[in-house]
Amino acid sequence: MEWNPETLQFLSQCFLHTLSPAPEPRRLAESSLSKAADTPNYGLAVLRLVSEPSVDEQIRQAASVNFKNHLRARWAPASPDESTPLIPDSEKAEIKALIVRLMLSSTPKIQSQLSEALALIGKHDFPKSWPTLLPELIVELQKASQASDYTSINGILGTANSIFKKFRYQYKTNDVLLDLKYCLDNFTAPLLEIFLKTAALIDSAATVSPAAVIKPLFESQRLCCRIFYSLNFQELPEFFEDHMKEWMTEFRKYLITNYPVLENSGADGLAIVDELRAAVCENINLYMEKNEEEFQVYLNDFALAVWRLLGTVTQSSSRDQLAVTAIKFLTTVSTSVHHALFAGEGVILQICQSIVVPNVRLREEDEELFEMNYIEFIRRDIEGSDLDTRRRIACELLKGIATNYKQQVTEIVSAQIQHLLNSFAANPVANWKDKDCAIYLVVSLATKKAGGSLVSTDLVNVQSFFASVIVPELKGQDVNGFPMLKAGALKFFTIFRNQISKDVTVQIFRDLVRFLVAESNVVHSYAASCIEKLLLVKDEGGRSRYTANDIAPFFVELMTNLFNAFKFPESEENQYIMKCIMRVLGVAEISSEVAGTCISGLTSILMEVCKNPKNPIFNHYLFESVAILVKRTCERDPSLISAFEAGLFPSLQLILANDVTEFFPYAFQLLAQLVELNRPPIPPSYMQIFEILLSPESWKKASNVPALVRLLQAFLQKAPRELKHEGRLIKVLEIFNTLISSPSTAEQGFYVLNTVIESLEYDVIEPNIRNIWVILFGQLQKWRAVKFLKSFLILMSLFVVKHGSVELVDSMNSVQANIFSVIVKQFWIPNLKLITGAIELKLTAVASTRLICFLGKPPALLDAVNVELWGKMLDSIVTLLSRPEQDRVEEEQEMPDIAENVGYTATFVRLYNAGKKEEDPLKDIKDPKEVLVASLAGLSSQTPGRYPQIINQYLDPANQAALLQLCNTYNCQIV
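Keep in mind that this is a model prediction, so the values were computed, not measured. The residue count restarts for each chain, going from 1 along the sequence in the order it is written. Two thresholds apply to this predicted model, a pLDDT of at least 70 for residue-level local features and 80 or more for giving and counting side-chain atom pairs, whereas whole-chain, interface and lining totals are computed over all residues. Side-chain descriptors were evaluated using all non-hydrogen atoms of the structure, hydrogens and water having been removed beforehand.

**Let's talk about the overall build of the protein chain**
Heads up, the condition is: Labels follow the DSSP assignment, with helices taken as runs of H or I lasting at least four residues and strands as runs of E lasting at least two, numbered in each case from the N terminus. Note on exposure labels: buried denotes an accessible area under 20% of the residue type's maximum, exposed denotes more than 50%, and partly exposed covers the range between, all computed with a 1.4 Å probe on protein chains only. Where accessible areas are quoted, they stem from the Shrake-Rupley method and a 1.4 Å probe; at the residue level, only the protein chains shown are allowed to cover. Under this rule, positive means Lys or Arg and negative means Asp or Glu; His and the chain ends count for nothing. Note on charges: their place is set at NZ of Lys, CZ of Arg, CG of Asp or CD of Glu.
Scanning the protein chain from terminus to terminus reveals 47 helices and 2 strands. Looking at the protein chain residue by residue over its 975 residues, the buried ones come to 54%. Put simply, the protein chain shows about 43,500 Å² of open surface, and 52% of that area lies on carbon and sulfur atoms. Averaging the positions of the 94 positive and the 112 negative side-chain charges in the protein chain gives two centres separated by 3 Å.

Structure representation (structure tokens):
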């Protein structure tokens, strides 16, 4: 794209139309820009438009945003297989030559966008591929400093802050340290110079200059503090250690000095002072965490300064960042070797009364969040993302102090909790927040056992606190009264559910069901979460504490209330309600009538969310609920399958017909589940789906592959005879070939082939078996990842147990003479000991045993090559079977929680409740060890004296002893 008046006119018009409120011109303009973006020098042309003073500011601003996004998409490939054209190197060089100067001469809004664009380039190119950037920034900083041009100074510091941020997040490697050294060698002196110059200007101007003059100075110091944080994050640089006094003197001054010109000029003025103080607190917290020894000389002064500062910070939400960072610093000090600062008489009590309780008490902002944005409230309150809120960080401070002064903290906080409860008792209506504060303190200060859900507290007796404080809230007839208090009570019950006896809980279950129809979104969400978590409680021995019998008396009411909860505004897609439905359906005894009502309710929700899928977690639990309902009811009563198909097919057809791609993997998994529930012959409606499934087009989207494989496996198992017709087996093997050719889908390819080997008779697959081995041997030459080799070994083992050792050896050797011996020596023997999983271990051990029995029979054993293979294979089998149980068997996982960041565009998400049942191809064999020694005993009886020699020659001494012990255990003898 050449830069000329026509280009200027074209781009100006396009960017003007992107701002149009009318959708048609906006779409046309966006489409034109998207096409133009593929041409070389497009980015350069947009950058020149941004710098053109004759163009309207709004157009230039829109262009600056487009330029930044263009760089984000095309400066470097997002992934190895990215197909988007990248910006040519020649264009990159011109952009880098222009961007710093243009950024500094731009208006603030455009400068902000260009600074972000510059940081995006820096992320990939700085410093190695952009060695001129830092010198250019330093020269411009010195020019701006001499002119006291703080607009430019802050633009440069903002850019430097952006490009140095990477040092906060990267692991300490030699490359990172070399990049850091380059930055330190060049930028630390200019940074300190501008920091001290600005500090002096603040000192002289703080009381005499207007707020408008002082604000840029404070912003400059804040940026210097953020750069300080980045450059000090990896380790303490020598320059900063040498100049620590200068830095710390100024840092402390900002914590202890008042700036009335700014602080009294309105919210913006106070905010800019608070932001600087918060940045200082982050810096001293970093030094406290990483450079404690060097920092200790300044510690007492800073601890006192922060303490006093917290006494002046109001409860306004605008001051939250400062409060949190200040308390975090005190928390770090409390867990350090300098914790004695908190040992003074009355210190902990004062902290509790003046810092903890005021910051834990509910504020108007909390009440507003509770009512107006329940999702964010819950995210902070029960999902652990509130570490940067005042409530949580205040409790973290108490926990920190308790690491060294547990008894004092326990006594003081227990007394404080009792005081709060007494205040509530005196006037429940006026003082309900005191009770909420007491409950929050107990919950937040509870300690959780590592790796489990069991929590404990020394602050109160859980059972008596539950009975006297929590139960009255749960038994209250008005489910809508004091909703925040109700939510706190439900949260307490959820957290301490393991400690509350079954007798007590069963009496309160109905009350939890009542709260599902509370008007407050938080309350009915917490009630659902509490029920869901209670149904997961396990007693000793792993037995579920609550069973179908416990919820049977109110099961219908429970399901009715759960579905009714979706009718509340903002809860139409409430993930806590849906997760509870899923959990209840997994526990309850479901009658045909209730099953019909549930599938009707779930499919109506599904039809609705198909229109606009926007909550991936809700939708996942929706599909899990459908899957578990189908699984539990249809397995018990197959006559219901047709009714479920009638209910589900319209939704599944809608997903496929309307191209709701987010739901494709779920739809395929549900179809697989339904196919498996059917008895052969498969209904014609499914065979139509089978034909679509065999089309190469269906397999192009990577995120669909695991679900399609799952569906294909279901068809192969339920309709093996259909593969003989219309070239279907060839199409299946073409799919296998495509999958096995890519490292990302090779495992899925093995799943397909395993099912073919397992489900089809040998005469059906025999014409294609040579070609299968050719494909696999070709892949073995390309790459030998452990996962691939283990999958290959499992496939060969399955072949042996299904079709026999002779067929395996002969079919492989038909590709190349004696290739089987090479495969056994190079791949089977070395990788056998790596197999895990109960079924896989039994399969490979038994297959390997059958193979050595085949190789060990005369006259094969007379061959020296076979003798070596036999001995080494036996050694590998004994190694596999001798490993400790926990090393050999993979623990069966319970259904995992769906992570918060689950999304549609990322990867396939497996439906746990529609999962493929793991088939055991050797159901009749219980113990592979017994099979091994019995087979060896039978083999040795044919050629007495021969096998002990081979065992002594090829088995490791430990394995010889293990084999002898197995023979004794099973009363067998190798002669």
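**Remarks on helix H33 (residues 664-677)**
To keep things clear, this is the line we draw: By this rule, a helix spans an expected 1.5 Å times one less than how many residues it contains.
Here H33 contains 14 residues, and its C-alpha end-to-end distance of 20 Å stays within 8% of the 20 Å for a straight helix at 1.5 Å per residue. A large share of H33 lies buried, amounting to 13 of its 14 residues.

**Digging into a negative patch on the surface**
How we decide: Patch membership is restricted to residues that have no salt bridge and whose relative accessible area is over 30%. Joining uses 9 Å for like charges and 5 Å for the nonpolar side chains Val, Leu, Ile, Met, Phe, Trp and Tyr. Salt bridge, as used here: a side-chain nitrogen of Lys or Arg that lies within 4 Å of a carboxyl oxygen of Asp or Glu.
On the surface, a cluster of negative charge is contributed by Glu 238, Glu 241, Asp 242, Glu 293 and Glu 294. Every element with two or more residues in the negative patch is listed here: helix H12 (238-242) and helix H16 (292-312). Of the residues forming the negative patch, the biggest block, 3 residues, is contributed by H12. Among the structural elements, Asp 242 can be located in helix H12.

**Some points on the pattern of salt bridges**
Between side chains of opposite charge, a pair can form when the charged atoms approach closely. By the definition in use, this model includes 47 salt bridges. Between Arg 545 and Asp 539 there is a salt bridge, with its nearest N and O atoms 2.9 Å apart. Judged by its relative accessible area of 12%, Arg 545 is buried. A relative accessible area of 31% means that Asp 539 is categorised as partly exposed.

**Some points on the side chain of Ser 334**
The test is simple: Contacts were defined at the residue level, with two residues in contact if any of their heavy atoms lie within 4.5 Å.
Tracing the backbone through its elements, the reader meets Ser 334 in helix H17 (residues 320-334). Given the relative accessible area of 1%, Ser 334 is considered buried. The contacts of Ser 334, once residues within four sequence positions are left out, are His 339, Phe 342, Leu 397, Gly 400, Ile 401, Thr 403 and Asn 404.

**Comments concerning helix H31 (residues 616-636)**
If you check H31, its first and last C-alpha atoms are 30 Å apart, about what 21 residues at 1.5 Å a residue would give, namely 30 Å. For H31, the buried fraction is high: 17 of the 21 residues fall into the buried class.

**A few points about the state of the cysteines**
Test applied: Cysteine sulfurs are considered disulfide-paired once they come within 2.5 Å of each other.
Applying the stated rule across the entire model yields 0 disulfides. Here Cys 598 stays free of any disulfide, with the sulfur of Cys 580 as its closest cysteine sulfur at 12 Å. Using a relative accessible area of 1% as the deciding quantity, one classes Cys 598 as buried. No disulfide involves Cys 853; its nearest neighbouring cysteine sulfur is the one of Cys 972, lying 12 Å away. Classification of Cys 853 by relative accessible area gives buried; the value is 15%.

**Regarding the environment of Ile 163**
Examined against the element boundaries, Ile 163 turns out to sit in helix H8 (residues 150-164). Along the backbone, Ile 163 and Ala 528 are 365 residues apart, and their C-alpha atoms lie at a distance of 45 Å. Once residues lying within four places of it in the same chain are set aside, the contact partners of Ile 163 are Leu 118, Ala 119, Gly 122, Phe 126, Leu 133 and Leu 137.

**Observations concerning the side chain of Asp 274**
With respect to the helices, strands and loops of the structure, Asp 274 is situated in helix H15 (residues 267-290). Overall, Asp 274 belongs to the buried group, its relative accessible area being 3%. With residues near it in sequence (within four places) discarded, Asp 274 still touches Arg 319 and Leu 322.

**Quick notes on the packing of aromatic side chains**
For the record, the criterion: Ring geometry is summarised as follows: Phe, Tyr and Trp rings, the Trp one being its six-membered ring, pair when their centres sit within 6.5 Å, and such pairs are stacked at plane angles under 30 degrees, edge-to-face over 60 and tilted between the two. Remark: a charge is flagged as sitting over a ring if the NZ atom of Lys or the CZ atom of Arg is within 6 Å of the ring centre and within 35 degrees of the ring normal.
Counting across every chain of the model gives 40 aromatic pairs. Here Phe 218 and Tyr 259 contribute two aromatic rings whose centre-to-centre distance is 4.9 Å and whose plane-to-plane angle is 80 degrees, an arrangement assigned as edge-to-face. In this pair, Phe 218 is assigned in helix H11 (residues 211-232) and Tyr 259 in the loop between helix H13 (244-256) and helix H14 (260-263), connecting sequence segments 41 residues apart. Of the two residues, Phe 218 and Tyr 259, both sit in the buried class. We note Arg 226 situated over the ring of Tyr 229; from NZ or CZ to the ring centre the distance is 4.9 Å.

**A word on the environment of Asp 637**
Structurally, Asp 637 is set in the loop between H31 and helix H32 (641-657). Judged by its relative accessible area of 24%, Asp 637 is partly exposed.

**Points about the environment of Pro 743**
With respect to the secondary-structure elements, Pro 743 resides in the loop between helix H36 (728-740) and helix H37 (746-759). Each C-alpha atom of the pair Pro 743 and Gly 43 lies 35 Å from the other, and the pair is 700 residues apart in sequence.

**A few points about unusual backbone geometry**
Following Phe 126, the chain continues into Pro 127 via a peptide bond in cis, with omega recorded as 0 degrees. Locating Pro 127 in the fold gives a position in the loop between helix H6 (108-125) and helix H7 (133-146). Positive phi is not limited to glycine here, since Asn 971 has a value of about 55 degrees. Structurally, the position occupied by Asn 971 is in the segment after helix H47 (957-969).

**Concerning the confidence of the model for the protein chain**
For clarity, the threshold we go by: Each residue carries a pLDDT score, the predictor's confidence in it, ranging from 0 to 100.
Looking at the protein chain, pLDDT values average 90 and 95% of them are 70 or higher. Low pLDDT, under 50, characterises residues 888-892; the stretch is placed with 12 contacts to residues that sit more than four places away or in other chains. The low-confidence segment residues 899-907 (pLDDT under 50) makes 15 contacts with residues lying over four places distant or belonging to another chain.

**Quick notes on the nonpolar core**
Let me state the cut-off plainly: We call a set of buried residues a nonpolar core when its members are Ala, Val, Leu, Ile, Met, Phe, Trp, Tyr or Cys and they connect through side-chain atoms within 4.5 Å of each other.
Ranked by size, the top nonpolar core spans 347 residues in total, and within it Phe 164, Val 584, Trp 773, Phe 792 and Trp 828 carry the most contacts. Here the element with the most residues in this core is helix H21 (residues 390-426); it accounts for 15 residues. Not counting the four nearest positions on each side in its chain, Phe 792 is found in contact with Phe 750, Trp 773, Leu 776, Phe 777, Leu 780, Met 812 and Ile 823.

**Focus: the packing of helix H22 (residues 432-444) against helix H23 (residues 462-475)**
Here is the rule we go by: To get an axis, fit a line to the C-alpha atoms, keeping to the stretch in contact for a helix; angles then go from 0 to 180 degrees between the N-to-C directions. For classification, angles of less than 35 degrees are called roughly parallel, those exceeding 145 degrees roughly antiparallel, those between 65 and 115 degrees roughly perpendicular, and all remaining angles oblique. Rotating anticlockwise by less than a right angle from the far helix to the near helix defines a left-handed crossing, while the corresponding clockwise rotation defines a right-handed one. Polar here means any residue outside two lists: the nonpolar Ala, Val, Leu, Ile, Met, Phe, Trp, Tyr, Cys and Pro, and the charged Asp, Glu, Lys and Arg; Gly therefore counts as polar.
Running from amino to carboxyl end, H22 crosses H23 at an angle of 125 degrees, the nearest separation of the two axes being 12 Å. Looking at the two axes, H22 sits oblique to H23. Judged by the twist between their axes, the crossing of H22 over H23 is left-handed. Together, Lys 435, Ile 439 and Val 442 of H22 and Phe 465, Val 469, Ile 470 and Glu 473 of H23 make up the contact between the two elements. Looking at side-chain class alone, the contact of H22 with H23 contains 5 nonpolar, no polar and 2 charged residues.

**A closer look at the packing of helix H39 (residues 786-803) against helix H41 (residues 819-832)**
The contact between H39 and H41 brings their axes to 10 Å, and the two run at 105 degrees. What the angle tells us is that H39 and H41 run roughly perpendicular. Seen from H39, the contacting residues are Leu 789, Phe 792, Leu 793, Met 796, Ser 797 and Val 800; seen from H41, they are Ile 823, Phe 827, Trp 828, Asn 831 and Leu 832. Tallied by class, the residues present in the contact of H39 with H41 amount to 9 nonpolar, 2 polar and no charged.

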